[in-house]
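Descriptive structure summary
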Amino acid sequence: MSESAPSGSESASDAAFVYASDYAFGPGAGAFGLSPEQQAYAVWVRSVAGSLDGIEAVHGAVNRPLVKALGGAGLLRGLFGGTADEPPRDAAAMQLCLLRETLATVNTEAETALALQGLGSYPILQSGNDATRERWVPGVASGDVVPAFALSEPDAGSDAGALTLEARPDGDGWTLHGTKTWISNAPDADVYSVFARTTPDAKARGITAFAVAGEAPGLTGERLDMVAPHALGTLHFDGVRVSRDDLLGEVDQGFGVAMRTLDLFRPSVGAFAVGMGQAALDASLSWAQERELFGAKLIDQQATQHTLAEMSTRIEAGRLLVRRAAAAYDAGAPAHVVTTTAAQAKLFATETAQWVVDQAVQLHGARGLQQGHLLERLYREVRAPRIYEGASEVQRTIIARGLMKGTE
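Small disclaimer: the values here were computed from a predicted structure and weren't measured.

What follows is about helix α3 (residues 93-104). Its twelve residues give α3 an end-to-end C-alpha distance of 16 Å, which sits within 8% of 16 Å, the value for a rise of 1.5 Å per residue. The element α3 is extensively covered by neighbouring structure, given that eleven of its twelve residues are classed as buried. For α3, every residue scored as buried is listed here: Ala93, Met94, Leu96, Cys97, Leu98, Leu99, Arg100, Glu101, Thr102, Leu103 and Ala104.

Okay, structure coming up:
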């Protein structure tokens, strides 16, 4: 039997990892502080995450035992609102961010596996018909179904509106022709949320989303060998047939399906980065108090103290931006506000995590790059979030557009 998420009655007062931003500091601060229920939820996630340490890591492929364990522990259910007795629905952005940040401080492989379950399934959850949702989403929550978000192409990564995977009309449906690449969980996923061009030369206005089974005839793929350990691959569509029942949303409206998913998940990418940064800071604090150098503890050196202070301050700023973006999403803020705050959170938090992990390695010296060390793993993991779901340069463009939108 899986453990259950707290209802809110559990106390979080004994949580050593409750941070300054978990508390409200006066008028206006409460939007970014955590309620007792949210603090209890974070404590529960951290405690359950510790049970995943015994699962063997897998490099470059879907770790199905880990995904199944995430489902069995009840952690995947946190991707979807409501209780285990209710049908899956949209999760609150704040809960998703808490889930990802907390899990990232304990186990980055588990965090990535969990996040990809959500990213790949949300287009189906939000825009699929009843039969499609019932076919795939409950299995995602239990860990029996592995989904993937198939948007990027060889010549259409950051510029998603330039994608060329072709959906050719074929009777009452379409056939898909082309290639997707840099797809997380490919080619091992059970179902793909695929974005294809149904209207030529229409840029973002001519894209349609489909749910495509991983075993569909004509769909093949291969793995890509990357620095980060999680599964990433290329998919080839050679006449893969999809019907109107496989539609996610409306014809030519698939770009909006993709963007609605990314608006929810971009702040939580920032939360993932915050969690990695916090893990690096925690390790650095412990090491600095243990390491002796030139006859004194490393932490007694002012240079070390200033580095740790800067690491902490940047992490806290990233955490607050993430929670601000999540609060905007959950409050139903105007679309341009949701998109802009999500971009700000992802940009700052991911850039900060890269800097913090690098500083942590510097404080640890060569041992921080020894294979198997926490920082060696974080050093490999922390680079990719600055690229996926919109590179940092794209986030700056989105933010600038939001600023201009706000002045109209």
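Further notes follow.
Structurally, the position occupied by Gln95 is in helix α3. A relative accessible area of 28% places Gln95 in the partly exposed class. C-alpha of Gln95 to C-alpha of Gly157: the two residues are 62 residues apart in sequence and 28 Å apart in space. Beyond its immediate chain neighbours, meaning those up to four positions away, Gln95 contacts Tyr41 and Gly78.

This brings us to the packing of aromatic side chains. Remark: the centre distance and the inter-plane angle together describe each pair of aromatic rings, the angle taken between the planes. The tally for this structure, following the rule as stated, stands at five aromatic pairs. An angle of 80 degrees between the planes, with centres 5.2 Å apart, marks the rings of Tyr122 and Phe265 as edge-to-face. Taken together, the residues span a long stretch of sequence, with Tyr122 in helix α4 (residues 108-127) and Phe265 in helix α6 (residues 254-290) at a distance of 143 residues. One exposure class covers both Tyr122 and Phe265, and it is buried. Within the aromatic cluster, the residues linked to one another by ring pairs are Phe80, Tyr122 and Phe265.

Moving on to the pattern of salt bridges. Following the criterion strictly, the structure yields 16 salt bridges and no others. Its salt-bridge partner being Glu111, residue Arg100 comes within 2.4 Å of it at the nearest N-O pair. Note that Arg100 is positioned in helix α3 and Glu111 in helix α4, a separation of eleven residues in sequence. The partner of Arg323 in a salt bridge is Glu101, with the nearest N and O atoms 3.8 Å apart. Linking Arg323 in helix α7 (residues 302-330) with Glu101 in helix α3, this pair joins segments that are 222 residues apart in sequence. Across the pair, Glu101 and Arg323 agree in class, each one buried. Through salt bridges with shared partners, a single network forms among Glu101, Glu316, Arg319 and Arg323.

This part covers empty space enclosed by the protein. Counted according to the given criterion, the structure contains three cavities of 30 Å³ or more. Taken together, 14 residues make up the lining of the largest cavity; nearest its centre are Val62, Asn63, Ala113, Asn185 and His230. Looking at the lining of the largest cavity, the element that brings in the most residues is α4, giving five residues. Taken together, the residues of the lining of the largest cavity sort by class into eight nonpolar, five polar and one charged.

Grouped together as the largest cluster of nonpolar side chains are 107 residues, with contacts concentrated most on Leu70, Leu75, Leu176, Phe195, Phe210 and Val212. In this view, Leu176 contacts Glu166, Ala167, Val194, Ala196, Phe210, Val212, Phe237, Asp238, Gly239, Val240 and Val242; residues no more than four positions away in its chain are not counted.

This part takes up the confidence of the model for the protein. Taken residue by residue, the protein gives an average pLDDT of 89. The fraction at 70 or more is 91%. Contacts from residues 24-30, a stretch scored under 50 in pLDDT, to residues over four places away or in other chains number four contacts.

Okay, unusual backbone geometry next. Look at the link from Ala186 to Pro187: it is a cis peptide, with omega at 0 degrees. The backbone of Asp252 shows a phi angle near 70 degrees, a positive value even though the residue is not glycine. Its place among the elements puts Asp252 in the loop between β8 (247-248) and α6.

Inspection of helix α2 (residues 64-72) places Leu66, Val67, Leu70 and Gly71 among the buried residues, and these make up the whole buried set. Buried residues along α2 cover an arc of 140 degrees about the axis, so they all sit on one side. In this structure, the buried side of α2 is in contact with α3, α4 and α5 (130-142). In the segment just after α2, Gly74 is the residue with positive phi, at about 90 degrees.

Examined against the element boundaries, Asp330 turns out to sit in helix α7. Setting aside residues no more than four positions away along its own chain, Asp330 makes contact with Ala92, Ala93 and Met94. Here the side chain of Asp330 touches Met94 through a polar contact of 3.0 Å, landing on its backbone nitrogen.

Two numbers describe how α7 lies on helix α8 (residues 335-364): the axes approach to 8 Å, and their chain directions differ by 160 degrees. Relative to α8, α7 is oriented roughly antiparallel. The crossing of α7 and α8 is left-handed. In terms of residue class, the contact of α7 with α8 is made up of 19 nonpolar, seven polar and three charged.

For the pair α4 and α6, the least separation of the axes is 9 Å and the interaxial angle reads 165 degrees. Between α4 and α6, the angle is such that the two are roughly antiparallel. For the crossing formed where α4 meets α6, the hand is right-handed. The segment α4 lies against α6, with Thr108, Glu111, Thr112, Ala115, Gly118, Leu119, Tyr122, Pro123, Gln126 and Ser127 engaging Val257, Arg260, Thr261, Leu262, Leu264, Phe265, Phe272 and Met276.

Here the focus is the pairing of strand β4 (residues 191-197). The element β4 is extensively covered by neighbouring structure, given that seven of its seven residues are classed as buried. The alternating pattern of β4 places Val191, Ser193, Phe195 and Arg197 and Tyr192, Val194 and Ala196 on opposite faces, both of which are buried. One ladder, built from four bridges, connects strand β1 (residues 147-150) with β4; its direction is parallel. Paired with Ala148 across the two strands is Tyr192, which belongs to β4. With seven bridges connecting them, β4 and strand β5 (residues 207-213) associate as antiparallel partners. For Tyr192, the partnering residue across the bridge sits in β5 and is Val212.

Calculation rules
- Residues numbered from 1 in each chain as written.
- Predicted model: local features only at pLDDT ≥ 70, side-chain atom pairs only at ≥ 80, totals over all residues.
- Heavy atoms only, no water.
- Helix = DSSP H or I, 4+ residues; strand = E, 2+ residues; numbered from the N terminus.
- Expected span 1.5 Å × (residues − 1).
- Buried < 20%, exposed > 50% of the residue type's maximum accessible area, 1.4 Å probe, protein only.
- Contact = heavy atoms within 4.5 Å.
- Phe/Tyr/Trp six-rings, centres within 6.5 Å; stacked < 30°, edge-to-face > 60°.
- Salt bridge = Lys/Arg side-chain N within 4 Å of Asp/Glu carboxyl O.
- 1 Å grid on protein atoms, 1.4 Å probe; cavity = no way out; pocket = protein on both sides within 12 Å on 5 of 7 lines; lining within 4 Å.
- Points joined across faces, edges and corners; volume = space filled by probe spheres on them.
- Nonpolar A, V, L, I, M, F, W, Y, C, P; charged D, E, K, R; others polar.
- Core = buried A, V, L, I, M, F, W, Y, C linked by side-chain atoms within 4.5 Å.
- pLDDT = per-residue confidence, 0-100.
- Arc of directions from axis to C-beta.
- Polar contact = N/O pair within 3.5 Å; in protein donor to acceptor, adjacent residues only side chain to side chain.
- Axes fitted to C-alpha atoms, helices over the stretch in contact; angles between N-to-C directions.
- Parallel < 35°, antiparallel > 145°, perpendicular 65-115°, else oblique.
- Left-handed = near helix turned anticlockwise from the far one by under 90°.
- Pairing = 2+ DSSP bridges.

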